[in-house]
Amino acid sequence: MKAAVYAEYGPPDVVRIAEVEAPVPRDDEVLVEVHAASLNPYDWHFVRGLPRLMRLVSGLRRPKDTRLGADVAGRVRAVGVGVTRFKPGDAAFGICRGSVAELVCAPESALVEMPVNISFEQAAGAGIAAVTALQALRDKGRVRAGQTVLVNGAAGGVGTFAVQIARAVGAEVTGVCSARNVELVKSIGADHVVDYIREDFTKSGRRYDLILDCVGNHSLGALTRVLAARGTYVGVGGGGVRPEDFSGVAWTAAMLGRSIAQLVRNLFGRRQLTGLLAKGKTEDLETLRGFLASGEVTPVIDRRFALAEVRDALRYVEEGHARGKVVIAVRG
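Reading the values: rules and limits
- Residues numbered from 1 in each chain as written.
- Predicted model: local features only at pLDDT ≥ 70, side-chain atom pairs only at ≥ 80, totals over all residues.
- Heavy atoms only, no water.
- Helix = DSSP H or I, 4+ residues; strand = E, 2+ residues; numbered from the N terminus.
- Contact = heavy atoms within 4.5 Å.
- Areas by Shrake-Rupley, 256 points an atom, 1.4 Å probe, with all protein chains shown as cover.
- Expected span 1.5 Å × (residues − 1).
- Buried < 20%, exposed > 50% of the residue type's maximum accessible area, 1.4 Å probe, protein only.
- Arc of directions from axis to C-beta.
- Core = buried A, V, L, I, M, F, W, Y, C linked by side-chain atoms within 4.5 Å.
- Axes fitted to C-alpha atoms, helices over the stretch in contact; angles between N-to-C directions.
- Parallel < 35°, antiparallel > 145°, perpendicular 65-115°, else oblique.
- Nonpolar A, V, L, I, M, F, W, Y, C, P; charged D, E, K, R; others polar.
- Pairing = 2+ DSSP bridges.
- Disulfide = S-S within 2.5 Å.
- Salt bridge = Lys/Arg side-chain N within 4 Å of Asp/Glu carboxyl O.
- Phe/Tyr/Trp six-rings, centres within 6.5 Å; stacked < 30°, edge-to-face > 60°.

1. Some points on the overall build of the protein chain
The helix and strand tally for the protein chain stands at 10 helices and 15 strands. Based on the C-alpha atoms only, the size of the protein chain along its principal axes is roughly 55 × 45 × 35 Å. Of all intrachain contacts in the protein chain linking residues separated by at least 6 positions in sequence, the fraction that spans at least 24 positions is 69%. For the protein chain, the accessible area works out to roughly 15,000 Å², and carbon and sulfur atoms hold 52% of it.

2. A word on helix α9 (residues 282-294)
Here α9 spans 18 Å end to end across 13 residues, near enough to the 18 Å set by a 1.5 Å rise per residue. Inspection of α9 places D284, L285, L288, F291 and L292 among the buried residues, and these make up the whole buried set. Looking straight down α9, one finds that the buried residues subtend no more than 115° of arc, so they occupy a single side. For α9, the elements touching its buried residues are β5 (91-95), β7 (111-113), α4 (128-140) and α5 (157-168). G295, located one to two residues past α9, shows a positive phi value of around 85°.

3. Considerations on the nonpolar core
Residues F93, L137 and I165 are the most contacted members of the largest nonpolar core, which totals 50 residues. Ranked by residue count, the leading element in this core is α4, at seven residues. Once you skip the residues sitting within four places of it in the chain, L137 turns out to touch R142, V143, V149, A162, I165, A166, L210 and L212. In terms of nonpolar packing, the next biggest core, distinct from the first, is built from 33 residues, V32, F305, A313 and V317 among them.

4. Digging into the packing of helix α1 (residues 41-48) against helix α10 (residues 310-319)
Following both chains from N to C, one finds α1 and α10 inclined at 105°, their axes separated by 9 Å at the closest point. One way to sum up the angle between α1 and α10 is to call them roughly perpendicular. In contact with P41, D43, W44, V47 and R48 of α1, α10 contributes L314, V317 and E318. When the residues that make up the contact of α1 with α10 are grouped by side-chain class, the tally is five nonpolar, no polar and three charged.

5. Here's the deal with the sheet that holds strand β9 (residues 172-177)
Within the open sheet, the six strands sit side by side as β10-β9-β8-β11-β12-β13. Their pairing is parallel. Two strands bound the open sheet, and with one partner strand each, they are β10 (192-195) and β13 (272-275). Across the sheet, the axes of successive neighbouring strands diverge by a mean angle of 15°, strand direction being ignored. Here strand β8 (residues 148-152) runs beside β9; their pairing, made up of five bridges, is parallel. Considered in β9, the bridge of T148 is made with E172. Sheet strands touched by α5: β8, β9 and β11 (208-213). Its angle to β8, the strand with the most contacts, is close to 170°.

6. Some words on the state of the cysteines
For the coordinates displayed, the defined rule picks out zero disulfides. Lacking any disulfide linkage, C96 is separated from the closest cysteine sulfur, that of C105, by 8.6 Å.

7. Thoughts on the pattern of salt bridges
When their charged atoms lie close together, side chains carrying opposite charge are able to pair. This model, assessed by the stated rule, comprises 18 salt bridges. Close ionic contact of K2 with E19 constitutes a salt bridge, the shortest N to O distance being 3.3 Å. Here E19 lies in strand β2 (residues 16-19) and K2 lies in strand β1 (residues 2-5), a separation of 17 residues in the sequence. K2 gets classed as partly exposed once you look at its relative accessible area, which sits at 37%.

8. Points about the pairing of strand β12 (residues 227-235)
Here β12 lies mainly inside the structure; seven of its nine residues are buried. Judged from the five bridges that link them, β11 and β12 form a sheet pairing that is parallel. When the sheet's bridge partners are listed, L212 is paired in β12 with V234.

9. A short note on the packing of aromatic side chains
Aromatic rings considered in pairs are described by the distance between their centres and by the relative angle of their planes. In this structure the tally under the stated criterion is two aromatic pairs. Look at Y42 and F46: their rings are 4.8 Å apart centre to centre, the planes differ by 55°, and that puts the pair in the tilted class. Taken together, the residues Y42 and F46, both in helix α1 and four residues apart, mark about one turn of the helix. A residue is classified by how much of its surface remains accessible, and Y42, at 29% relative accessible area, is partly exposed. For F46, a relative accessible area of 22% corresponds to the partly exposed category.

Structural data, given as structure tokens:
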């Protein structure tokens, strides 16, 4: 079978489409015939091995896991003897390593049934980004109806899901994006849209119960000024950060410094500032499945690439300007 792999750290050119041995499912695994996968900043971080600190886990000199991708949607081809929720022919989506391939094995717990009202490409987009948005809003932000929520980076992968999920629970949503994305963010349900070129939301005088920050381009002091008295700030990464923005120790020190500053502010104030490292959970995928099936959330697909074009797709994701998700159509 064909799969996207990389044997060394570096730019997208280190990724190649290779013929590899087809995987065989273990007792608790599902073998999926991949129809579509999607890429995230997560993927180029692993390919580049940046920030370098992550290499303590991914491999010091070369990657331990050479497979690309995590978001997947396709049809079940076979199941392990312990699998009870799936059978061959079922359409499923979820999160597993090595999804940019013709076949992939995933734990049963990493997949859920695909709603009939969306395409494989849309389902493939509802992986890491959607889970991140859900956990940030619900678990960290404790979002509820009637609250005011601001999503900084509302047109990106996490942002487009966050706007829709916050609206689905009844919050009043403000989306921050560039001028070219204003209409998109309005179309997915934002009550208000701020063009960051024309207006700095941290100087607007408005306050928010919850700020979900997908960009990280404002100081904690500026963000605190626009949080409500008992508001919550949740940072989920730098959506616009590119490989050249990483400067080894300097970048890592800056991130650690920001984290420490958040802890100090939390000790001496009523506002809560926190971050999130999302974890794939069956129950969260089921929650997202419900949103997708009801039509309350629809994945936004920016561009589609063929499996042979995976390098171009990865380059596009690295640029940091994708509107919604970038999808790899494994089976056209």
